[in-house]
Amino acid sequence: MIKVVALDADDTLWHSESRFQATQARLSEILDRHAPHDQVQTHLHELEVRNQKLFGFGVKGFTLSMIEAAIEISDGEITAGEIHEIVMMGKAMLDAPMELLDGVRVTLVELAEAYPLMMITKGDHMDQYNKIEKSGLAGHFQEIEVLLDKDVASYDEIFARHNVDPREVMMVGNSIPSDILPILELGGHGTFIPYHVTASFERHEQEPDSPRYHRLARIDQLPRLLNHLNGGE
Ligand SMILES: [Mg+2]
């Protein structure tokens, strides 16, 4: 029986990665005279991976990585005006209006009638809590957890703290490594709902081979899947 439904937030409840990709594309344009666009993207990605241990996941760390990439790629030629534009791009991302994915609100209302809901997201705390507040969705959730990283140990710790058996959890999200693999390892269910773009560090080539792994195209298909798994029609 599935008794608890846990949901990721970025690119599961609201749009996020599409903004990062649009900003990265603009960075390539700013650095156009110094390097080809794909080289800018590759270098930025390498820096993001390297900086993650120091900055965590979030717009502030991403902005610093963009500045670092711009200075290195331009060999120190980037102007103060261009660095200012990069900082403004980061601030615009933090300040952007919240856009929920289609069907999120009605689905949460329906799910909350039958299950306790948990939001499990990761990233910079200030950034994530601002988004949670802007989303207006907090009231649907019994628990909201903002993690620095999503791995087996962090999920295990959360479920133990809330007295939830992970084998009775359905975790829903757009990242196979962050949202799906850990819950499968803990004996629970995972539903992968792909977003139209995936962050480079959330990409995963192969879909898990498990009867507890599910894949849906849209979040509004979730109540029916849960009903079916719990023995309904
Ligand atoms: Mg996500």
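Parameters at a glance
- Residues numbered from 1 in each chain as written.
- Predicted model: local features only at pLDDT ≥ 70, side-chain atom pairs only at ≥ 80, totals over all residues.
- Heavy atoms only, no water.
- Helix = DSSP H or I, 4+ residues; strand = E, 2+ residues; numbered from the N terminus.
- Buried < 20%, exposed > 50% of the residue type's maximum accessible area, 1.4 Å probe, protein only.
- Polar contact = N/O pair within 3.5 Å; in protein donor to acceptor, adjacent residues only side chain to side chain.
- Donors = N, O, S within 2.8 Å, 3.2 Å for Na, K, Ca; no water.
- Salt bridge = Lys/Arg side-chain N within 4 Å of Asp/Glu carboxyl O.
- Domains from an automatic or database assignment.
- Contact = heavy atoms within 4.5 Å.
- Buried area = accessible area lost by both parts, 1.4 Å probe.
- Nonpolar A, V, L, I, M, F, W, Y, C, P; charged D, E, K, R; others polar.

**Notes on the environment of serine 210**
Within the secondary structure layout, serine 210 lies in the loop between β5 (189-192) and β6 (213-215). Exposure remark for serine 210: the relative accessible area of 18% places this residue in the buried category. For serine 210 and glycine 190, which are 20 residues apart along the polypeptide, the C-alpha to C-alpha distance reads 9.5 Å. Among the polar contacts made by the side chain of serine 210, one reaches the main-chain amide nitrogen of arginine 212 at a distance of 2.9 Å.

**A word on the coordination of the magnesium ion**
Ideal geometry at a metal centre gives angles of 109.5 degrees when four donors are arranged tetrahedrally and 90 or 180 degrees when six donors are arranged octahedrally. Here the magnesium ion is held by Asp8 (OD), Asp10 (O) and Asn174 (OD1), and the distances to it run 2.1 to 2.2 Å. The sequence pattern describing where the donors of the magnesium ion fall on their chain is D-x1-D-x163-N. With respect to class, aspartate 8 is no different from aspartate 10; both count as buried.

**A word on the pattern of salt bridges**
The tally for this structure, following the rule as stated, stands at 15 salt bridges. A salt bridge links arginine 161 to glutamate 145; the nearest nitrogen and oxygen atoms lie 2.9 Å apart. Of the two residues, arginine 161 sits in helix α7 (residues 152-161) while glutamate 145 sits in strand β3 (residues 143-147), which places them 16 residues apart along the sequence. The network of salt bridges with shared partners includes Asp8, Lys150 and Asp179.

**Quick word on the domain arrangement of the protein chain**
As assigned here, the protein chain comprises domain 1 (4-15 + 100-229) and domain 2 (17-95). The gap between the C-alpha centroids of domain 1 and domain 2 is 28 Å. Listed as interface residues are 18 residues of domain 1 and, on the opposing side, 13 residues of domain 2. For the pair domain 1 and domain 2, the summed buried area comes to about 1,200 Å², and 52% of that belongs to carbon and sulfur atoms. One salt bridge connects lysine 60 with aspartate 124, and the closest N-O pair in it is separated by 3.5 Å. The interface formed by domain 1 and domain 2 holds six residue pairs in polar contact (both at pLDDT 80 or more) in total. Residue contributions to the side of domain 1 that touches domain 2 peak at three residues, all from helix α6 (residues 125-135). Residue classes in the side of domain 1 that touches domain 2 are distributed as six nonpolar, five polar and seven charged.

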